[in-house]
Amino acid sequence: MIELEDVPELIDPVMVCAFEGWNDAGDAASAALAHLDETWGGKVFAALDAEDYYDFQVNRPTVWMDGGIRRITWPTTRLSVIRVTEPVTRDVVLVRGIEPSMRWRSFCNEVLGFAHELGVELVVILGALLGDTPHSRPVPVSGVTSDPELARRLDLEESRYEGPTGIVGVLQEACTHAGVPAVTLWAAVPHYVAQPPNPKATLALINKLEDLLDLRIPPGELGEDARAWQLGVDQLASEDSEVAEYVQQLEEAQDTAELPEASGDAIAREFERYLRRRENVGPTGEKPVSGHATAERPAEPDAPGPARESQDGPEEE
């Protein structure tokens, strides 16, 4: 039984999900959701029962001290809600957790149960995969859906992937079968620099989410962190001639592939996106925070999360 007595009636709600683990290369997707949560002050209103979905030998609980009292934080998936007022008022439900170890169908059904009870109109899932992309170029972010009508309306790709999948792919299909419009945004992370964090990929997901939902998301320090990250990788690449040569090959391949897209219409679309993101930028370069929480956070604060799962398996596109 799902009870949401503490959650007010939501306005045009959209659900945004991200999960640590196999579909979170460089922690880019989970970091993007953490940025939304921290920027807008999301307040947790529900959590899935950790006993139902997690193997605690894989995702271990953490012990922390609360004023001299030892407490345990269990790995799970939590839901929070925020109200955004710029450019229009709407509510965003954040689903932030770890890829479950078991009972994936029940897990997805429970998430969809919350979506139904809250009247969610669209589910957006964030993911990140390892790819042959150079760190020195803009991060490729693709938007895919299994709904042909939604693909046409939002100018997205229809998913054609076949192969092993993670909870992101399973939840996407569960939404489709339940008749809930769903989109997955995938950021491509350079496979030769896969270790987290990757603020450049995180920022790319945030920007794509802005465009998709027509929101204004304050970037905070992500821009500066992304530049510092790229400079650091530049330095490491310059110290290894083989890596530098490989990066140059990736740059040439990507530039050649993208050349046909450099049309007047494509340039105009990118310029419009740039202008939208520059709106309401203050003298310090920060966008004003335009959201606030609409539910109370539980008394216990979150402790640092457990170690991430390995990402050495094949990645979904």
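You'll find the structure just up there.
> I keep staring at the pairing of strand E3 (residues 62–66) and nothing clicks. Help me out?
Where E3 meets strand E4 (residues 69–73), five bridges bridge the pair, whose relative direction is antiparallel. Note that in E4 the partner of Thr-62 across the bridge is Thr-73. Hairpin connection from E3 to E4: two residues lie between these consecutive antiparallel strands, with Gly-67 at a positive phi of about 60 degrees.

> Would you mind showing me how to read the packing of helix H6 (residues 199–213) against helix H7 (residues 222–238) here?
When two helices pack together, you describe them by how their axes are tilted relative to each other and by the distance separating the axes. Axis separation between H6 and H7 bottoms out at 8 Å; the angle between their running directions is 140 degrees. Considering the angle they form, H6 stands oblique to H7. Judged by the twist between their axes, the crossing of H6 over H7 is left-handed. Residues Pro-199, Lys-200, Thr-202, Leu-203 and Ile-206 of H6 form the contact with H7, whose participating residues are Leu-222, Gly-223, Asp-225, Ala-226, Trp-229 and Gln-230. Of the residues that constitute the contact of H6 with H7, the class distribution is six nonpolar, three polar and two charged.

> What should I look at first to understand a negative patch on the surface in this one?
A surface patch of negative charge is lined by Glu-239, Asp-240, Glu-242 and Glu-245. By the secondary structure assignment, Asp-240 is in the loop between H7 and helix H8 (241–258).

> Even after reading the chapter, I still don't get the packing of aromatic side chains, so can you show me in this structure?
Any aromatic ring pair is given by two values, namely how distant the centres are and how the planes are angled relative to each other. Inspection of the entire model under this criterion finds five aromatic pairs. Seen from their ring centres, Phe-19 and Phe-107 are 5.8 Å apart, and the 65 degrees between their planes marks the pair as edge-to-face. Of the two residues, Phe-19 sits in strand E1 (residues 14–20) while Phe-107 sits in helix H3 (residues 104–118), which places them 88 residues apart along the sequence. With a relative accessible area of 2%, Phe-19 lands in the buried category. Connected via pairs of aromatic rings, a cluster forms that spans Phe-19, Tyr-53 and Phe-107.

> Got a minute to help me understand the side chain of Asn-198 in this structure?
Within the secondary structure, Asn-198 sits in the loop between strand E10 (182–190) and H6. Asn-198 has contacts with Gly-26, Ala-28, Val-189, Pro-190 and Trp-229, leaving out every residue within four places of it along the chain.

> Where do I start with the environment of Ala-31 in this structure?
Tracing the chain through its elements places Ala-31 in helix H1 (residues 28–40). Taking relative accessible area as the criterion, Ala-31 reaches 31% and is therefore assigned partly exposed. For the pair formed by Ala-31 and Asn-198, sequence separation is 167 residues and the distance between their alpha carbons is 8.7 Å.

> Teacher, can you tell me more about a nonpolar patch on the surface here?
A surface patch of nonpolar side chains, amounting to about 270 Å² of accessible area, comprises Val-63, Ile-72 and Trp-74. Here Val-63 is to be found in strand E3. Of the residues examined, Val-63 reaches a relative accessible area of 47% and is grouped as partly exposed.

What counts, and at which threshold
- Residues numbered from 1 in each chain as written.
- Predicted model: local features only at pLDDT ≥ 70, side-chain atom pairs only at ≥ 80, totals over all residues.
- Heavy atoms only, no water.
- Pairing = 2+ DSSP bridges.
- Helix = DSSP H or I, 4+ residues; strand = E, 2+ residues; numbered from the N terminus.
- Axes fitted to C-alpha atoms, helices over the stretch in contact; angles between N-to-C directions.
- Parallel < 35°, antiparallel > 145°, perpendicular 65-115°, else oblique.
- Left-handed = near helix turned anticlockwise from the far one by under 90°.
- Contact = heavy atoms within 4.5 Å.
- Nonpolar A, V, L, I, M, F, W, Y, C, P; charged D, E, K, R; others polar.
- Patch = residues over 30% accessible without salt bridge, like charges linked within 9 Å, V, L, I, M, F, W, Y side chains within 5 Å.
- Areas by Shrake-Rupley, 256 points an atom, 1.4 Å probe, with all protein chains shown as cover.
- Salt bridge = Lys/Arg side-chain N within 4 Å of Asp/Glu carboxyl O.
- Lys, Arg positive; Asp, Glu negative; His and termini not counted.
- Charge placed at Lys NZ, Arg CZ, Asp CG, Glu CD.
- Phe/Tyr/Trp six-rings, centres within 6.5 Å; stacked < 30°, edge-to-face > 60°.
- Buried < 20%, exposed > 50% of the residue type's maximum accessible area, 1.4 Å probe, protein only.

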